[in-house]
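Chain and residue survey
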Amino acid sequence: MSARLNQSLGRALVSGARPYILAVIVILALLPLLNLAVPPSSPFYLPDFAIKLIGKWLCFAILALAIDLVWGYVGILSLGHGAFFALGGYAMGMYLMRAIGDRGHYKNPLLPDFMVFLNWKELPWYWHGFDNFLFALLMVLLIPGLLAFVFGWLAFRSRITGVYLSIITQAMTFALMLAFFRNDMGFGGNNGLTDFKDILGFNLHTDGTRAGLYWASLAMLIATFLLCRWVVGSKLGRVLTAVRDAESRVRFLGYSVTNYKLFAFVLSAMIAGVAGALYVPQVGIINPSEFSPAASIEAVIWVAVGGRGSLVGAILGAFAVNGAKSWLTSYAPELWLFILGGIFVAVTLFLPRGIVGLFGQKSDGPRISKPSLANLSKMLGTVPPAPKEQRP
Amino acid sequence: MHVGRRRALALFLILIFAAVGRVQDARADAFTDALAGFAKDSYSDTIAAVEKVSATGDPRAAAVLRALAEGNLQVRKSDQAIVYTREEGGKTLGTEAASGKELGEIKTDDYDQVRVNNRVRSAVQAALGTFNLVHPDTRQRIDAARALFKNPNAANIPLLLKSLEKETDPAAKAAKELALAASRLMSDKQEERLAGIAHLKTAGDSEVRDLLLRVAGQAEKGSPIHTAATEAVASMDAQLRLARNAEIFFQGLSLGSVLLLAAIGLAITFGVMGVINMAHGEMVMLGAYTTFVVQQIIRTWSPELMEVSVLIAVPLAFLVSGAVGVGLERGVIRHLYGRPIETLLMTWGVSMILQQAVRTAFGPTNREVVSPSWMSGTMEIASGIALTQNRVVIILFGLLVFAIVIFITQKTWFGLQMRAVTQNRAMAASMGIRTGRVDAMTFGLGSGIAGMAGVALAQIDNVSPNLGQGYIVDSFMVVVFGGVGNLLGLLLGSSILGVINKFLEPFAGAVLGKIFVLVAIIVFIQFRPRGLFALKGRAAEA
Amino acid sequence: MLQLTRRAALAGLLAGTVLAGSPAWAQDTIKVGVLHSLSGTMAISETTLKDTVLMLVDEQNKKGGLLGKKLEAVVVDPASNWPLFAEKARELIQVHKVAVVFGCWTSVSRKSVLPVFEELNGLLFYPVQYEGEESSRNVFYTGAAPNQQAIPAVEYLMSKDGGEAKRWVLLGTDYVYPRTTNKILRAFLKSKGVADADIMEEYTPFGHSDWQTIVRRVKQFASQGKKTAVVSTINGDANVPFYKELGNQGIKATDIPVVAFSVGEEELAGIDTKPLLGHLAAWNYFQSVKNPTNAAFVSKWKGFIKNPKRVTNDPMEAHVIGFQMWVQAVQQAGSTNVDAVRQAMYGQKVKSPSGYDIVMHPNHHLSKPVMIGEIKADGQFEIVWQTKGPIVAEAWSPHIAENKGKVANWQYPWVCGNCTSPKFK
């Protein structure tokens, strides 16, 4: 009884949530002013540490949206989305490296420091063009998109689904990580790309540039949110959701499942690439550890915590988990793994629909019902244990 | 009568050597004089003293040299007398080297230790070799012969010849013959050296090759020695190449067995039960830490069991990881059946907690796990093919664990129930199988097996809280490559991946080789989306 | 009600995570930031350094603090995550207002925080041996530069006492420190007449655990009729499997000595060292150094960590030196102001546990003695060779062609970390 009451109240809340979302956006948009316009002595002054931090979370939120799009709405669990994020980041990093020009340690006008250092005499072919910002932006979209296209085309065409797909996406990002760790690849090895000076001529280490990047990230997050909402709300989106819930049935109805999945996967990879590109100038470094499978899994966890199949949930999850991580690593450095790990366990047990489930919002996530069981047995090749008696 | 003359000469030399040795007084003086060299605190003087001391042939020399090798030779600050020490019951007891007088407990502050480095150590080994050639213990005799081989000296020829006459043990005999051949190389007589080369040629060892090359390098080009040595090296190379390929294959199998061990528990928890178990690596880690704890307890309570500590650890690791697995299943995972993706999130959390728990309990640094002697060193199965014993044991252990798992799943009542529950839970339940219990036991089995793997991996890798993280990606890959839920595929898959990896490594390097294997798996899955061995029939199509 | 809770939740989320710790700290303590990973792959090495700083802070407080104030350590966990290092560095300086930061281990973590320290004019003490090629105004490097570790070690192995090695295997993990060190070593070996054919250079990934092939190749490379030595810049947890494989394949130090630059007492504590007898390491400090300063340091550490089996190592000693120097500089400057402390740092002298007087130079590096130790059966090192006195660190190695004429000197008239002519003429 009370549960139903709660739910209906929650639904009322969500329908009336729009003003709140708008309010949050306005607050987020105004935050940098507390840094720029308020003197540091004032109690309302926001240190640029906070601006950088929220800016970083905004990028993570974009990545979470990308993952939610394919996982929450198409049922593709990618454990390798960090790869697209990192590739976008590297593309931006390469622009920032070229922008350093002759201000590096070795004062070489063309070659980044690490190349001078490895005795390279000329710029590798794949570094050409990155001195142009627009070219770099194009690559931010194109490289992750292309990788997603090739990978997705191979995988979806062969009808690799479920856990098999998850594991090979993991293999993909792992292989890329190993490759980028190699100094001979020409991406700076373990040290990655760092020591950036400016972007489009603006010094990266000033409050103004920081605020600009922050606003760019916020704008991109809003744009991505609207784009994703438009995609999942359209007819296309309904087909995608149908693919998630009953792929074979959709195929038998005559839809080209491969193409639909491929479209979503490529779009999602490009969004992840953009997130990475915004992330790199704000944190000041891109290194192969962004490719590590653990990084990708963490990103999936943001979405799960926030609420799979809800765009707001993905954003909330990214903010909540990263906020908790930032806070706990400072204020409980010895215990934070216990606390965060405990939260993950608790969320799965008590909040199967993530944080948005708390507010009673109906996520568009898959029901725990027959279709998903069929998927499970398909990916395992065995018949899985039936669900326990339904819990209230 | 070339050979006869040489023998006569050798006999003569032995006689002279023995005669010199009999001059008792001169020897005693020489020994005391030689000891003085140890007090000079320079490696060169120490080495000169080692050579002098051993040349006296004095019976007291062996004790001095052994003490030196162990860093127990001291110089008394007051009068520069040489004293060797031993530890007994926490006390340092001293003995005067020259007089043999027992000094009882000594204060180490009154003494300076004679410093030893690799150069001194190697000279001491060579010197000790001459004493230990007739040691009653076979192992000691072989070590002595090895030491003489590594420090070849023509002066040792008579000694070696003499000790060979009485040698009965075949391994010791072979080692002494090798040392003899090497010593002959150092002779200034051409026929001796050629005879040495002729013998060395038959041994396909890389150290022998090294020695021959050195000889060839010193000899004049075109001289008989140079020609013979170069020919010997060339003839060895063909054999070495074959041996190398055999070794690479073995290394591949060894890597495969590591992959198999790491993945086999996952094949049950993930492959059979469908739990995306990100905490699998931590189960392996718990097994490794169990080994550490077992060894700590043994070290304190009964050090004589150290040799079998690993064997004791295997069942205990199974129980520890298995118990954690059962607890995990009953506590949380059972609420998530039918929601496989969510098990990923939850087990990720569990893995974080377990890692930090171990870090808190045992500290963040590596823990030392000792290898029993039967797991250290190499065994030569054919000329030039030396296999490291720990790898051999791990391969066998991997196969054993695999056989046990097959046996449990195929031949036992529990295995039957397990398969029944996996195939049709409702039907199994209605037949009276307590499915919940079977679930817990199955998860416990998978975790326990992972723990057993941890005991083996502790022998070759770090025992640290991060141990499990290093294997998790590879484990999933192996399970998927072999075919989820298929144990035979797992065995074959891990061996194939291991061998391919090792054959690629010499050409491509460790990293590129691994990248290539990963890409190959991704491409392979395109053609066989269900792994090497897909389950056939309705279950696979459902 | 519900609306309120939700709004509160949102507000809490923002306030709690973002503005946590707004700059409302009372200034009755001097804050010391500790930026070492306590989780993730680097926790294995860095946790000990965190404890070292805590011990030093504790000890200083027992002496009555600094400038009449208590010291307060602010410990954060950057979790072996490089962007997180930068975030935490900024937080330490801006939010916690620390006077100084002791931290970082890997080069990439230092590179990640460097812009933060330079932008906010913070002060970082970096305690680990590294590749050099850097001299930041805001960093004091208390570990060894390559000329204080690598080159003396190779010289020793070339000497008669070291075994007169003629052939060299340069084995490292594929990142910037091994690459630089090997680049410098190769140039050095060439200058000593070693041919390229007698040098084998090989890189492995982080955490490499299967060393069978490489150890086999080393053995093969060593069987070419010349005395061979291995110079290892293998990092972190790849060392244990490497040494285990060496032991199992029966490579003894008397045959092929391995000299390592990243293996110290702490790493050996996790290995059964009996098969490794005689393999070498080059550092600026060993626990086995005999002098009163060191004896006091070792016993203090064992007491602080409450474990008689814990060992000390070179990076810990570097923190001891760095911390002591910082304390002296603050006392001299009479303030924790970074600019004042920086000026007071130059020429600061400390009697270190290594037994030498260690001096801070205007290139932000130390002069340190070089010691070469052979591994003993108990996991400690027998010091077989050491320099007569401390050697001054070269921030820019003269063995690298691009560094010609480069000077690092932060005192008048140079005032730069990387220039060929003084700033003030």
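In this numbering scheme, every chain counts its residues from 1 along its sequence in written order. Chains and ligands are labelled sequentially in the order written, the chains with letters from A and the ligands with numbers from 1. It should be noted that, the model being predicted, local features are given only for residues of pLDDT at least 70 and side-chain atom pairs only at 80 or more, the latter also being counted only at that level, while totals for whole chains, interfaces and linings use all residues. Excluded from the side-chain calculations are hydrogens and water; all other atoms, namely the structure's heavy atoms, are used.

We call two residues in contact whenever any of their non-hydrogen atoms come within 4.5 Å of each other. With 54 residues of chain A at the interface, the matching set in chain C holds 52 residues. The contact between chain A and chain C buries some 4,800 Å² in all, and 60% of this surface belongs to carbon and sulfur atoms. Salt bridge criterion: a side-chain nitrogen from Lys or Arg within 4 Å of a carboxyl oxygen from Asp or Glu. Summed over the shared surface of chain A and chain C, the number is five salt bridges. Between D48 of chain A and R90 of chain C there is a salt bridge, with the nearest N and O atoms lying 2.7 Å from each other. Among the elements that line the side of chain A that touches chain C, the one with the most residues is helix α13 (residues 311-331) of chain A, at ten residues. Throughout this entry, Asp, Glu, Lys and Arg are counted as charged residues, while Ala, Val, Leu, Ile, Met, Phe, Trp, Tyr, Cys and Pro are counted as nonpolar. The remaining residues, Gly among them, count as polar. Taken together, the residues of the side of chain A that touches chain C sort by class into 29 nonpolar, 15 polar and ten charged. Buried area, as used here, totals the accessible surface that two parts lose on assembly, with accessibility defined by a 1.4 Å probe and the loss added over both. The way it works is that DSSP assigns letters per residue, a run of H or I at least four long becomes a helix, a run of E at least two long becomes a strand, and they are numbered from the N terminus.

Take the nonpolar core next. Generally speaking, a soluble globular protein has its nonpolar side chains buried in company with each other. Throughout, nonpolar core names a set of buried Ala, Val, Leu, Ile, Met, Phe, Trp, Tyr and Cys residues whose side chains join them through atoms within 4.5 Å. Remark: exposure states derive from per-residue accessible area (1.4 Å probe, protein chains only) relative to the maximum for the residue type, with buried under 20%, exposed over 50%, and partly exposed in between. Ranked by size, the top nonpolar core spans 388 residues in total, and within it F38 of chain B together with W326 of chain C carry the most contacts. The biggest single contributor to this core is helix α3 (residues 48-74) of chain A, with 21 residues. An automatic or database domain assignment supplies the residue ranges for each domain. Of the residues that make up this core, three or more belong to each of domain 1 (2-119) and domain 2 (243-541) of chain B. If we skip the residues at most four places from it in the chain, W326 of chain C touches I30, V32, L66, L71, A99, V100, F102, L123, F125, T336, V341 and M345 of chain C.

Our focus in this paragraph is the sheet that holds strand β6 (residues 167-173) of chain C. All names here are of chain C. Spatially, the seven strands line up as an open sheet ordered β7-β6-β8-β9-β10-β14-β15, and their pairing is mixed. Two strands close off the open sheet at either side, each with one partner strand: β7 (199-204) and β15 (381-386). For this sheet, the mean inter-axis angle between neighbouring strands, taken without regard to orientation, is 25 degrees. Two strands form a pair only when DSSP identifies at least two bridges running between them. Only the contacting stretch of a helix is used when fitting its axis, a line to C-alpha atoms as for every element, and angles between N-to-C directions run 0 to 180 degrees.

Moving on to the domain arrangement of chain B. Split into domains, chain B comes out as domain 1 (2-119) and domain 2 (243-541). Taking only C-alpha atoms, the centre of domain 1 of chain B and the centre of domain 2 of chain B are 53 Å apart.

Below, the discussion takes up the state of the cysteines. All names here are of chain A. Here, the term disulfide refers to a pair of cysteine sulfur atoms separated by no more than 2.5 Å. Scanning the model with the defined rule gives one disulfide over all chains in all. C59 takes part in no disulfide bond, and the closest cysteine sulfur to it belongs to C228, at a distance of 15 Å. Relative accessible area serves as the criterion here: at 0%, C59 is assigned to the buried category.

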